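Observations on chain architecture
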Amino acid sequence: MSVPVIYDGDRKGTVLRIERSSVHDGPGLRTVLFLKGCPLRCQWCSTPESQSFEIEKTEENTYGTIMSVEQVMRELRKDSLFFFISTGGITVSGGEIMAQPDFTRSVLKNCRMECMHTAIETTFFAQWETIHSILPYVNLAFVDMKFFTKELHEKYCGVDNTLIQENLLKTNDIEEKFQLVIRTPIIPGINDSEEELCKIGAFCSKLKKLSYMQLLPYHKLGTATYAKLGREYLLGDIQSPTVDEMAKHVKIMERYVENVIF
């Protein structure tokens, strides 16, 4: 049996972890490659250990390791049978994958060369040239849209979202064929007003490649990690939205986008 040729196999990146058998990060069974480092500081982030670009150590854990593209591909191939059976594949997530663009591109290119379905999870907070160079190797792109209002995005995520919106609109004019899914986390009292959701929905109605929108209910799954890292979790008093509340938010989005799920 011939060994697949690995493109750019020596290139290295900072990997947070690899998780197998995910059913929430694309179709079928997915193996998720989490990269480390993110320019955003979303106050509800469920993986605070992914934010720093540095490898972090606590008494119990080491967060992050340096891996080559070849090492990553060896790990991903272990699950290729499950990808075939479940029509699944690999998902590159973060952190922010666009912050390690060369590594991300090389992994995705190799996966496509080996006929693996590829998905990415990203904020699109990067230069357009970076994003556009990666999209040819992507089957499915989950892109976050946490707010429409610039001031809210800057207050709760640490950066202006003008670049994100510009990049999303630029997908209308490119030839690459990929499935676009917009994900909006619902944070009670912060971005769940009817006014803000209508602005998000109206913007998303302009995206020609949009397949569907997914609303994600707020949760506190990352709070224990904040404590391990010695960091304060700022949104501890917020409760998760109820099913009825989520259904109400879906109805608002459906005024603008035909297919909305949660």
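Per chain, residues are indexed from 1 in the order of the written sequence. Only residues with pLDDT of at least 70 are given local features in this predicted model, and only at 80 or more are side-chain atom pairs given and counted; all residues enter the totals for whole chains, interfaces and linings. Excluding hydrogens and water, the side-chain figures rest on all heavy atoms present in the structure.

A closer look at the overall build of the chain
A run of H or I in DSSP counts as a helix once it spans at least four residues, and a run of E counts as a strand once it spans at least two, with each numbered from the N terminus. Scanning the chain from terminus to terminus reveals nine helices and eleven strands. We compute the radius of gyration over the C-alpha atoms and compare it with the globule rule, which gives 2.2 Å times the number of residues raised to the power 0.38. For 262 residues, the compact-globule formula gives about 18 Å, and the C-alpha radius of gyration of the chain, at 18 Å, lands near that figure. Within the span of the chain, comprising 262 residues, buried residues form 52% of the whole. In the chain, once contacts between residues fewer than 6 apart in sequence are set aside, the share between residues at least 24 apart is 71%. Taken as a whole, the chain presents about 12,700 Å² of accessible surface, with 51% of it coming from carbon and sulfur. Each residue is placed in one exposure class: buried if its accessible area under a 1.4 Å probe, protein chains only, is under 20% of its type's maximum, exposed if it is over 50%, and partly exposed if it falls in between. Residues are treated as being in contact if the distance between any of their heavy atoms lies within 4.5 Å. Note on areas: Shrake-Rupley, 1.4 Å probe, and residue coverage restricted to the protein chains presented here.

Focus: helix α7 (residues 194-204)
Glu196, Leu197, Cys198, Ile200, Gly201, Phe203 and Cys204 are the residues of α7 that are buried. Buried-residue contacts for α7 involve α5 (150-157), α6 (162-170), β9 (179-186), β10 (210-217) and α9 (243-253).

Structural notes on the sheet that holds strand β1 (residues 12-22)
One bridge is not enough; two strands pair if DSSP finds at least two bridges between them. Strand order in this open sheet of nine strands is β5-β1-β2-β6-β7-β8-β9-β10-β11, and the pairing throughout is mixed. Two strands bound the open sheet, and with one partner strand each, they are β5 (65-68) and β11 (260-261). Here two bridges tie β10 to β11, and the two strands are oriented parallel to one another. Across the sheet, Met213 pairs through a bridge with Val260, a residue of β11. Helix axes use the C-alpha atoms of the stretch in contact, all axes being lines fitted to C-alpha atoms, and the angles between their N-to-C directions lie in the range 0 to 180 degrees. Sitting on the sheet, helix α1 (residues 69-77) is in contact with β1, β2 (30-35), β5 and β6 (89-93), with an inclination near 85° to β5.

Examining the pairing of strand β7 (residues 117-122)
Among the six residues in β7, five count as buried, and that is most of the element. Across four bridges, β6 lies against β7 in parallel orientation. In the strand pairing of β7, Thr91 is matched with Ala119. Here a crossover is taken to be right-handed if, once the strands point away from the viewer, the path from the first strand over the helix to the second is traced clockwise. Taking the sense of rotation as the criterion, the β-α-β connection linking β6, helix α3 (residues 101-113) and β7 turns out right-handed. As judged from the four bridges shared by β7 and strand β8 (residues 140-144), these two strands associate in the parallel manner. Looking at β8, one finds that Ile120 is bridged to Ala141. The β-α-β motif built from β7, the intervening helix α4 (residues 128-134) and the parallel element β8 has right-handed crossover chirality.

So, a nonpolar patch on the surface
Patches draw on residues past 30% relative accessible area with no salt bridge. Two like charges within 9 Å are joined, as are two nonpolar side chains (Val, Leu, Ile, Met, Phe, Trp, Tyr) within 5 Å. Each reported salt bridge corresponds to a side-chain nitrogen of Lys or Arg within 4 Å of a carboxyl oxygen of Asp or Glu. A contiguous nonpolar surface patch, about 500 Å² in accessible area, is contributed by Leu81, Phe82, Phe84 and Ile85. Checked against the element boundaries, Leu81 lands in helix α2 (residues 80-86). Here Leu81 falls in the exposed class, since its relative accessible area comes to 53%.

Some words on unusual backbone geometry
For the peptide bond that leads from Gly94 to Gly95, omega is 10°, which places it in the cis range. Locating Gly95 in the fold gives a position in the loop between β6 and α3. One non-glycine residue, Phe124, lies in positive phi territory at about 65°. Here Phe124 shows up in the loop between β7 and α4.

Details of the packing of α1 against α3
Two numbers describe how α1 lies on α3: the axes approach to 10 Å, and their chain directions differ by 40°. As the angle between them shows, α1 and α3 are arranged oblique. For the crossing formed where α1 meets α3, the hand is right-handed. Each of Val69, Val72, Met73 and Leu76 in α1 lies in contact with α3, whose residues at this interface are Phe103, Ser106, Val107, Asn110 and Cys111. Note on residue categories: nonpolar means Ala, Val, Leu, Ile, Met, Phe, Trp, Tyr, Cys or Pro, charged means Asp, Glu, Lys or Arg, and polar means any other residue, Gly included. Considered class by class, the residues forming the contact of α1 with α3 number seven nonpolar, two polar and no charged. Put simply, angles under 35 degrees are roughly parallel, angles over 145 are roughly antiparallel, angles from 65 to 115 are roughly perpendicular, and the rest are oblique. The handedness criterion is simple: a crossing whose near helix is rotated anticlockwise from the far helix by less than a right angle is left-handed, and one whose near helix is rotated clockwise is right-handed.

Focus: the pattern of salt bridges
Pairing is possible between side chains that carry opposite charge, provided their charged atoms lie close to one another. Summed over all chains, the structure comprises 16 salt bridges. When the shortest N-O distance is used, the salt bridge between Glu75 and Arg20 registers 3.0 Å. Remark: Arg20 occurs in strand β1 and Glu75 occurs in helix α1; sequence separation between them is 55 residues. Residue Glu75 is classed as partly exposed on the basis of its relative accessible area of 22%. Its relative accessible area of 36% is what places Arg20 among the partly exposed residues. Residues Glu121 and Arg183 are paired through a salt bridge, measuring 2.9 Å at the closest nitrogen-oxygen approach.

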